[in-house]
Amino acid sequence: MARPDFRAAAARRLSEEQELSPAIISLLSSDAPSRPGGIRNLPLDRIVPNPEQPRVTFIQETIDELAASIREHGVLQPVLVRPLGPGQFQLVAGERRWRASQRAGLDTIPAMIEEIDDETALEIAIIENLQREDLSPLDEATMYDKMIREHGYSIRKLAEKLGKDKGYLE
(Lines give C-alpha, C1' and ligand atoms only; values in the text may rest on other atoms or scores of the structure.)
Protein backbone atom coordinates (compact mmCIF):
# COMPACT_ATOMS: atom_id res chain seq x y z
CA MET A 1 0.00 0.00 0.00
CA ALA A 2 1.40 3.41 -0.95
CA ARG A 3 2.19 5.87 1.82
CA PRO A 4 -0.10 8.88 1.84
CA ASP A 5 1.51 12.15 0.82
CA PHE A 6 1.50 13.87 4.22
CA ARG A 7 2.56 17.20 2.73
CA ALA A 8 -0.41 17.30 0.35
CA ALA A 9 -2.79 16.17 3.10
CA ALA A 10 -1.39 18.71 5.55
CA ALA A 11 -1.53 21.49 2.96
CA ARG A 12 -5.18 20.67 2.17
CA ARG A 13 -6.14 20.57 5.84
CA LEU A 14 -4.20 23.67 6.76
CA SER A 15 -5.39 25.69 3.77
CA GLU A 16 -8.79 25.70 5.42
CA GLU A 17 -7.33 27.61 8.37
CA GLN A 18 -8.01 31.32 8.00
CA GLU A 19 -5.18 32.45 10.29
CA LEU A 20 -2.48 30.18 8.84
CA SER A 21 0.36 31.84 7.00
CA PRO A 22 0.28 31.25 3.21
CA ALA A 23 4.03 30.61 3.47
CA ILE A 24 3.40 27.48 5.53
CA ILE A 25 0.83 26.17 3.07
CA SER A 26 3.14 26.77 0.11
CA LEU A 27 6.04 25.00 1.84
CA LEU A 28 3.90 21.98 2.67
CA SER A 29 2.20 21.72 -0.68
CA SER A 30 3.68 19.03 -2.89
CA ASP A 31 2.48 20.86 -6.00
CA ALA A 32 3.84 24.27 -4.97
CA PRO A 33 5.36 26.33 -7.78
CA SER A 34 9.11 26.37 -7.98
CA ARG A 35 10.61 28.31 -5.15
CA PRO A 36 13.15 31.08 -5.60
CA GLY A 37 15.64 29.38 -3.29
CA GLY A 38 15.28 26.03 -5.02
CA ILE A 39 16.99 22.85 -3.94
CA ARG A 40 20.76 22.83 -3.64
CA ASN A 41 23.29 20.45 -2.21
CA LEU A 42 24.66 22.25 0.84
CA PRO A 43 27.75 21.30 2.84
CA LEU A 44 26.61 19.71 6.10
CA ASP A 45 29.05 21.86 8.07
CA ARG A 46 27.33 25.03 6.80
CA ILE A 47 24.03 24.00 8.40
CA VAL A 48 23.33 24.49 12.11
CA PRO A 49 20.44 23.03 14.07
CA ASN A 50 17.62 25.30 15.12
CA PRO A 51 17.90 26.14 18.83
CA GLU A 52 14.09 26.34 18.84
CA GLN A 53 13.76 22.76 17.49
CA PRO A 54 10.65 21.44 19.20
CA ARG A 55 11.89 17.83 19.25
CA VAL A 56 14.21 17.36 22.21
CA THR A 57 14.71 13.58 21.96
CA PHE A 58 16.68 11.98 19.14
CA ILE A 59 17.07 8.23 19.51
CA GLN A 60 20.53 7.25 18.31
CA GLU A 61 19.40 3.82 17.12
CA THR A 62 16.86 5.33 14.71
CA ILE A 63 19.44 7.87 13.50
CA ASP A 64 21.82 4.97 12.82
CA GLU A 65 19.08 3.11 10.90
CA LEU A 66 18.36 6.21 8.84
CA ALA A 67 22.11 6.67 8.22
CA ALA A 68 22.29 3.11 6.86
CA SER A 69 19.37 3.85 4.54
CA ILE A 70 21.02 7.09 3.40
CA ARG A 71 24.26 5.23 2.63
CA GLU A 72 22.26 2.79 0.51
CA HIS A 73 19.74 5.10 -1.18
CA GLY A 74 20.86 8.68 -0.51
CA VAL A 75 18.74 11.41 1.04
CA LEU A 76 15.29 10.99 -0.51
CA GLN A 77 13.73 14.22 0.78
CA PRO A 78 15.59 17.52 1.11
CA VAL A 79 15.85 19.30 4.42
CA LEU A 80 14.39 22.80 4.77
CA VAL A 81 16.80 25.56 5.79
CA ARG A 82 16.80 29.32 6.08
CA PRO A 83 19.77 31.60 5.49
CA LEU A 84 21.62 32.85 8.57
CA GLY A 85 24.40 34.75 6.87
CA PRO A 86 26.79 34.34 3.97
CA GLY A 87 27.08 30.62 3.36
CA GLN A 88 25.43 29.69 6.68
CA PHE A 89 22.01 28.10 7.12
CA GLN A 90 19.71 27.05 9.94
CA LEU A 91 17.59 23.91 9.85
CA VAL A 92 13.85 24.43 9.86
CA ALA A 93 12.80 20.85 9.12
CA GLY A 94 14.74 17.64 8.70
CA GLU A 95 17.10 17.46 11.65
CA ARG A 96 16.96 13.65 11.74
CA ARG A 97 18.00 13.52 8.05
CA TRP A 98 20.78 16.05 8.73
CA ARG A 99 22.09 14.07 11.72
CA ALA A 100 21.85 10.76 9.84
CA SER A 101 23.65 12.26 6.82
CA GLN A 102 26.51 13.29 9.08
CA ARG A 103 26.54 9.81 10.60
CA ALA A 104 26.55 8.30 7.08
CA GLY A 105 29.68 10.30 6.26
CA LEU A 106 28.14 12.56 3.62
CA ASP A 107 29.66 15.97 2.89
CA THR A 108 26.49 17.55 1.45
CA ILE A 109 22.73 17.23 1.77
CA PRO A 110 19.94 18.36 -0.57
CA ALA A 111 18.22 21.38 0.95
CA MET A 112 15.38 23.76 0.12
CA ILE A 113 16.43 27.28 1.01
CA GLU A 114 13.64 29.64 2.11
CA GLU A 115 13.42 33.03 3.80
CA ILE A 116 11.31 32.12 6.82
CA ASP A 117 10.57 34.14 9.95
CA ASP A 118 10.90 32.65 13.44
CA GLU A 119 7.20 32.01 14.02
CA THR A 120 6.69 30.33 10.65
CA ALA A 121 9.84 28.23 11.18
CA LEU A 122 8.48 27.01 14.51
CA GLU A 123 5.07 26.20 13.02
CA ILE A 124 6.69 24.21 10.20
CA ALA A 125 8.92 22.32 12.64
CA ILE A 126 5.95 21.47 14.84
CA ILE A 127 3.83 20.31 11.91
CA GLU A 128 6.67 18.13 10.60
CA ASN A 129 7.33 16.62 14.01
CA LEU A 130 3.67 15.92 14.69
CA GLN A 131 3.59 13.84 11.49
CA ARG A 132 6.14 11.44 13.00
CA GLU A 133 4.75 8.48 14.85
CA ASP A 134 7.67 8.17 17.29
CA LEU A 135 7.22 11.59 18.85
CA SER A 136 7.33 11.26 22.63
CA PRO A 137 4.47 12.71 24.69
CA LEU A 138 7.03 14.95 26.43
CA ASP A 139 8.25 16.39 23.11
CA GLU A 140 4.66 16.91 21.97
CA ALA A 141 3.74 18.70 25.23
CA THR A 142 6.89 20.83 24.99
CA MET A 143 5.93 21.92 21.47
CA TYR A 144 2.45 22.95 22.56
CA ASP A 145 3.78 24.79 25.60
CA LYS A 146 6.31 26.70 23.48
CA MET A 147 3.63 27.77 21.02
CA ILE A 148 1.41 29.01 23.87
CA ARG A 149 3.97 30.61 26.19
CA GLU A 150 6.59 31.92 23.78
CA HIS A 151 4.60 32.63 20.64
CA GLY A 152 1.32 33.88 22.06
CA TYR A 153 -1.04 31.20 20.79
CA SER A 154 -4.19 30.63 22.78
CA ILE A 155 -5.07 27.01 23.49
CA ARG A 156 -8.12 27.39 21.27
CA LYS A 157 -6.14 28.84 18.34
CA LEU A 158 -3.47 26.14 18.64
CA ALA A 159 -6.07 23.38 18.84
CA GLU A 160 -7.76 24.73 15.71
CA LYS A 161 -4.47 24.96 13.79
CA LEU A 162 -3.44 21.43 14.71
CA GLY A 163 -6.85 19.82 14.36
CA LYS A 164 -6.80 18.73 17.99
CA ASP A 165 -9.51 18.96 20.62
CA LYS A 166 -8.96 21.89 22.98
CA GLY A 167 -9.13 19.49 25.95
CA TYR A 168 -6.28 17.45 24.48
CA LEU A 169 -3.96 20.46 24.79
CA GLU A 170 -4.99 21.53 28.29
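(A) The packing of aromatic side chains, seen in detail. Applying the stated criterion across every chain, the model contains one aromatic pair. Arranged with centres 6.4 Å apart and planes meeting at 70°, the rings of tyrosine 144 and tyrosine 168 form a pair that is edge-to-face. In this pair, tyrosine 144 sits in helix H6 (residues 137-149) while tyrosine 168 sits in helix H8 (residues 166-169), placing the two residues 24 residues apart along the sequence. Residue tyrosine 144 is classed as buried on the basis of its relative accessible area of 6%. Accessibility expressed as a relative area gives 47% for tyrosine 168, which makes it partly exposed.

(B) Seen up close, the pattern of salt bridges. On inspection of all chains with the given rule, the structure shows four salt bridges. Put simply, glutamate 95 and arginine 99 hold a salt bridge, and the shortest N to O gap is 2.9 Å. Of this pair, glutamate 95 and arginine 99 both sit in helix H4 (residues 95-103), four residues apart, which is roughly one turn of that helix. Overall, the relative accessible area of 6% leaves glutamate 95 in the buried class. Among the ionic pairs, arginine 149 bridges to aspartate 145, the shortest N-O distance being 2.5 Å. Separated by four residues within a single helix, arginine 149 and aspartate 145 lie in helix H6, roughly one turn from each other. Under the relative-accessibility criterion, arginine 149 is labelled exposed at 66%.

Cut-offs applied
Residues numbered from 1 in each chain as written. Predicted model: local features only at pLDDT ≥ 70, side-chain atom pairs only at ≥ 80, totals over all residues. Heavy atoms only, no water. Phe/Tyr/Trp six-rings, centres within 6.5 Å; stacked < 30°, edge-to-face > 60°. Helix = DSSP H or I, 4+ residues; strand = E, 2+ residues; numbered from the N terminus. Buried < 20%, exposed > 50% of the residue type's maximum accessible area, 1.4 Å probe, protein only. Salt bridge = Lys/Arg side-chain N within 4 Å of Asp/Glu carboxyl O.

Distances and angles like these do not, on their own, reveal function.
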